[in-house]
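Here is what each chain is made of, one letter per residue.
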There are 2 protein chains.
Amino acid sequence: MTTTSAQPAPSVSGDDAGAFLHDFRSMSTFGATPGGGVDRQAGTFADGQTRTWFRGLVEGHGFDVRYDVVGNQFALLELAPGAPYIAVGSHLDSQPLGGRFDGAYGVLAGAHAAIRLKPRLAAEGTEPVFNIAVINWFNEEGCRFKPSMMGSSVFTGKLPAEQVLATTDPHGTTVREALEAIGTIGDFSLDVAAYLEIHIEQGRSLEDAGLTIGLVESTWGANKYEFIVHGEQAHTGATVIADRHDALLGASSLVVAAREIADEFSTEEHSVITSCGEFTVYPNSPVVVASRVELLVDVRSTDPDVLAAADAELHRRVAEIERKASVRIERGAEHVWAAKAYDEAGMRLAAKSAEALELPYGTVRTLAGHDSTNMKDIVPTIMLFVPSVEGISHNEKELTNDDDMLAGVDLLTEVLGRVVMGDFVSPNASGD
Amino acid sequence: MTTTSAQPAPSVSGDDAGAFLHDFRSMSTFGATPGGGVDRQAGTFADGQTRTWFRGLVEGHGFDVRYDVVGNQFALLELAPGAPYIAVGSHLDSQPLGGRFDGAYGVLAGAHAAIRLKPRLAAEGTEPVFNIAVINWFNEEGCRFKPSMMGSSVFTGKLPAEQVLATTDPHGTTVREALEAIGTIGDFSLDVAAYLEIHIEQGRSLEDAGLTIGLVESTWGANKYEFIVHGEQAHTGATVIADRHDALLGASSLVVAAREIADEFSTEEHSVITSCGEFTVYPNSPVVVASRVELLVDVRSTDPDVLAAADAELHRRVAEIERKASVRIERGAEHVWAAKAYDEAGMRLAAKSAEALELPYGTVRTLAGHDSTNMKDIVPTIMLFVPSVEGISHNEKELTNDDDMLAGVDLLTEVLGRVVMGDFVSPNASGD
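Predicted, not measured: the structure shown is a model, and the values here were computed from it.

J.: Residue-level account of the nonpolar core, with values.
T.: Phe279(A), Leu295(A), Phe279(B) and Leu295(B) are the most contacted members of the largest nonpolar core, which has 62 residues in total. Apart from the residues within four sequence positions on either side, Phe279(B) is in contact with Leu248(A), Ser252(A), Phe279(A), Val281(A), Asn284(A), Leu248(B), Ala251(B), Ser252(B), Val255(B), Val293(B), Glu294(B) and Leu295(B).

J.: Account for the sheet that holds strand 4 (residues 131–136) of chain B, with residues named and values stated.
T.: Residues and elements named next belong to chain B. The strand order 1-2-4-3-5-15-6-14 describes an open sheet built from 8 strands, whose pairing is mixed. Each of the sheet's edge strands pairs with one partner strand only, and the pair in question is strand 1 (64–67) and strand 14 (361–366). Across this sheet, the average inter-strand angle for adjacent strands is 30°, counted without regard to direction. As defined by bridge partners, strand 1 adjoins strand 2 (residues 73–77) across 4 bridges and the pair is classed as antiparallel. Looking at the pairing, Tyr67 lines up with Gln73 of strand 2. Sitting on the sheet, helix 10 (residues 344–356) touches strand 6 (213–219), strand 14 and strand 15 (381–386), and the angle it makes with strand 6 is about 170°.

J.: Go over unusual backbone geometry with me, naming the residues and quoting the values.
T.: Peptide bonds are, in most cases, trans, and in most cases residues other than glycine have a negative phi. The omega torsion across Lys146(A) and Pro147(A) is 0°, close enough to zero to call that bond cis. Note that Pro147(A) resides in the loop between strand 4 (131–136) and helix 4 (150–155). Its identity is not glycine, yet Asn139(B) carries a phi of approximately 50°, on the positive side. Relative to the helices and strands, Asn139(B) is located in the loop between strand 4 and helix 4 (150–155).

J.: Kindly report on the pairing of strand 1 (residues 64–67) of chain A, identifying the contributing residues and their values.
T.: The two faces of strand 1 of chain A differ: Val65(A) and Tyr67(A) on one face are buried, but Asp64(A) and Arg66(A) on the other face are not. Counting the residues in the hairpin turn of strand 1 of chain A and strand 2 (residues 73–77) of chain A gives 5 residues, including Gly71(A), whose phi is positive at 80°.

J.: Kindly report on the UniProt feature "binding site: Zn(2+) 2" (unreviewed entry) in chain A, identifying the contributing residues and their values.
T.: Feature annotation in UniProt assigns "binding site: Zn(2+) 2" (unreviewed entry) to the following positions: Asp102(A), Glu141(A) and His394(A). The annotated residues occupy 293 residues of the chain but converge on a single region, no pair of C-alpha atoms lying more than 9.7 Å apart. Among the structural elements, Glu141(A) can be located in the loop between strand 4 and helix 4. In this structure Glu141(A) comes out as buried when scored by relative accessible area, which is 3%. Reaching out from Glu141(A), the side chain makes a polar contact with the side chain of Gln95(A) at a distance of 2.9 Å. As for its placement among the helices and strands, His394(A) is situated in the loop between strand 15 (381–386) and helix 12 (402–420). Given a relative accessible area of 2%, His394(A) falls into the buried group. Each residue touching His394(A), except ones within four places of it in the same chain, is listed here: Gln95(A), Leu97(A), Gly98(A), Asp102(A), Glu141(A), Gln202(A), Gln233(B), Ala234(B), His235(B), Val287(B) and Val288(B). A distance of 3.2 Å separates polar atoms of two side chains, one belonging to His394(A) and the other to Glu141(A).

The rules behind the values
Residues numbered from 1 in each chain as written. Chains lettered and ligands numbered in written order. Predicted model: local features only at pLDDT ≥ 70, side-chain atom pairs only at ≥ 80, totals over all residues. Heavy atoms only, no water. Core = buried A, V, L, I, M, F, W, Y, C linked by side-chain atoms within 4.5 Å. Buried < 20%, exposed > 50% of the residue type's maximum accessible area, 1.4 Å probe, protein only. Contact = heavy atoms within 4.5 Å. Pairing = 2+ DSSP bridges. Helix = DSSP H or I, 4+ residues; strand = E, 2+ residues; numbered from the N terminus. Axes fitted to C-alpha atoms, helices over the stretch in contact; angles between N-to-C directions. UniProt positions renumbered as here; feature names shortened; annotations may be inferred. Polar contact = N/O pair within 3.5 Å; in protein donor to acceptor, adjacent residues only side chain to side chain.

So, in structure tokens, the structure goes:
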């Protein structure tokens, strides 16, 4: 469900906190669902509405808006003509029946940090050495078009643009067609010297520890597999058990095994998390034994050795299930992300900034992938978290309290202010 | 895939066996799939083609064709003006990527049995006391529109016609719209005095025993449940295991448990068969813990006590899975068919007929539901099986050899010949 009711104009109030909350509420009406969330899958009408609204907001504050070849949206604020750019961003797209904070909070926080900085720097008479690009990455969620983190993967050279543009959704619409339909595609390109992102935690560690800010020290290692379980189509009524090659039984056994592995391999120091988020049965008729199931299985851990052990067990179990369920299990595409640290200097700068604002902070690891997971591989990157109530995410009930959102914008403003002054990276070392 | 290439005209050859095989091959071209099967889901264009072809075939042999309010197709052959009718039938619709024998063989066998009988009775100078209706039941398969055995369920008063006509397929098309689109709906009605059906076994017991004919003595008992597993949508990456309410884990555990129950409760004398043929995950996105899974679980057994014990275990396991996977499992619609015997006099008549033709026969039970499962509850019914190679069914590779098909038509002709002479039911007892 999307709403097209008239929106309040983007705020230009002098009250920073009020302006942010006002804009956040306006933004949350696009693709709003009856359950209090949003449905703004990448390249849909609702995603297009949100992008257009965001363009209007930042243009009203003097930004120039551009699109690159895969629909990444760049809102450019010039502070130092001719200087290189610091990027700050996240994504405005959502899961189906997703929350209104995931991604969208970070894009708006980035815009508001830049909006606040411009007059502040001018009033202080300081001379920034960088310009600012607020980036709304295309298709971070990866539900309509796969894979996730699509826009930032092209930007960082991990996926070819042509391959992405030809990728189809389940109805056969390509990314190119979807982007052209909502009018947010161009040929802009930009080199950036550093990247900042703020995001909701989507877990409960900050809340449990009573902290307002998380400084992300590393990603978890993640092995993601696409499995195809091959069985043999048969009549559910007439085919005796001994004659069955039931792909659904094989795939279900794999889902159960994945959870058992998470339970068995997690230790006090290092968690293992396994998931299966997509599971598609063919032909999926009431009286037919399934001939094929496609499913995605992820194994994640904070420790590379624990991850390797859990992964080996997963593959041992796959072979066991093939025998027991009398099916063949093919391993299709795989994506392996090693656990990787964020920039240490960036962590120190963020910690100093939080101390200056007297915000309680701690270090965290991110289980989920973010656009910063890509960006940190090409430029120095700082990733910040604010709490998620009860850790609920990818859910209409996702919530981050106003005070936490505002503390995050304050911190991002402080960090971005230091970075554009050259406290994190040097303007001479950047660009190409 | 459907084919519309020009068909040989229905055969009017005097060679009974050749004529049947010729017509069977012609019929199998409608909705033919590259893998050697057919896709003729109920009310589709391919189903309509097959029905129109069948109409042409039997009209060429002097039958009148009529449709009732839910699209059951009646081919009427008058042998004794004013006398009641004996029905013989099955169904021309198929599963997606189904075999070309399932259902279609029985309809064509019924038509050919009637076609052979007419001149034979005339030549013998005998006076039949019944007319013959060959029935092609609408939507036996139940894949596009649920439930299965739809047409015969309305005919036998088990389902209201209005409810059936308003039933929609996954695209929102109603049964009424589908039947009107293919032009096979009417307002005909008929009382019948007895029902005969021949079908492929869809199991391997005849083949294993070296028999050509199975006399079906009873249906298995079957409890069919629709379960809805309720979880909580969450982020697969960020949500720790302890916070998950994973509907996919709950549903997968239920699939695994169902198979374990079949293994545990089957005895030498009585098999238990469990199946899950449909399994739909919401929202089915790669990075989202499933909020809901809908699945169908069947438990079948030849023995009512064994069935009851297996069913009780299933429900105990459902409660256990709710606790272990931290989900709620709702039981939706259920269909319970008690194991039920076919008419004993009919079994004796069929056995005598097989002996007269020197066909090796045995008694079998049907695991699968058939239109005769409905019909036997309102009129004396005879159900016959011919072998399925390797028991393969609901599969493009489904096969019944020509010799077995022809033996079945011979037997059906023999049985039908006796029944229209009053050897099974009396013409005075029938009708209303």
